[in-house]
Amino acid sequence: MAAPHRTNAARLLDSAHIAYELVPYPVDEDNLAAQHIADTLGEDINRVFKTLVLRGDKSGYFVCVVPGNMEVDLKKSAKAAGAKKADLIPMKDLLPTTGYIRGGCSPVGMKKKFPTFFHSTALDFDFIYVSGGQRGLQLKINPADLISYVGAEVADIACLPS
């Protein structure tokens with residue numbers, strides 16, 4: 001595979017002098033699931049985080065970064081964001097809101113700075129994976145460095161699928 005080109009997320013991390021590794025993987029347009037990415041990379045699904053954008057009734061847009069084997073807990077994430085209730089934004093709103101498409105949404109380098117919450121398990125690892133800002137590219141990064149850089153809070157915002 002050719003060396004991946006630098007995404008906006010990578011350039012921002014470079015300028016902040018934050019260590020990371022760009023990890024390319026073959027994209028399957030029919031399967032953008034985190035489990036597929038974890039399997040492709042040969043990594044633990046608990047280290048592969050997905051970035052989800054929500055809108056709270058009182059808080060507006062906010063971002064939740066949760067392990068690939070979990071779902072965002074709407075009640076817990078709303079509470080973390082200071083809202084009574086929250087829902088995932090419609091897919092059609094993702095690109096205009098964040099600048100990213102489904103399967104390539106990174107917590108780094110969105111169009112605007114949104115309140116961001118990482119699931120507490122992120123800090124259990126020396127490195128995690130998040131989208132590098134395009135499909136087929138993951139950032140392998142120290143979670144504490146990433147959380148600090150994006151100004152995120154750590155909270156219990158996810159649950160196992162029922």
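The structure reproduced in this document is the subject of the present report. (Residues numbered from 1 in each chain as written. Predicted model: local features only at pLDDT ≥ 70, side-chain atom pairs only at ≥ 80, totals over all residues. Heavy atoms only, no water.)

Take the pairing of strand E8 (residues 137–141) next. By the criterion of burial, E8 is predominantly enclosed, with four of the five residues buried. Judged from the five bridges that link them, strand E1 (residues 20–24) and E8 form a sheet pairing that is antiparallel. Considered in E8, the bridge of Glu21 is made with Lys140. As defined by bridge partners, strand E7 (residues 128–134) adjoins E8 across five bridges and the pair is classed as antiparallel. Paired with Val130 across the bridge in E8 is Leu139. As consecutive antiparallel partners, E7 and E8 are separated by two residues, and within that stretch Gly136 has a phi angle of approximately 90 degrees, a positive value. (Buried < 20%, exposed > 50% of the residue type's maximum accessible area, 1.4 Å probe, protein only. Helix = DSSP H or I, 4+ residues; strand = E, 2+ residues; numbered from the N terminus. Pairing = 2+ DSSP bridges.)

Attention now goes to the packing of aromatic side chains. The full count for this structure, using the stated rule, is three aromatic pairs. Between Tyr61 and Phe114, the ring centres sit 5.7 Å apart and the planes meet at 70 degrees, which makes this aromatic pair edge-to-face. In this pair, Tyr61 is assigned in strand E3 (residues 60–67) and Phe114 in the loop between helix H4 (91–98) and strand E6 (116–119), connecting sequence segments 53 residues apart. Relative to Phe117, the ring of Phe62 has its centre 6.0 Å away and its plane inclined at 85 degrees; by these criteria the two rings are edge-to-face. (Phe/Tyr/Trp six-rings, centres within 6.5 Å; stacked < 30°, edge-to-face > 60°.)

Geometric descriptors of this kind do not, in isolation, establish any biological role.
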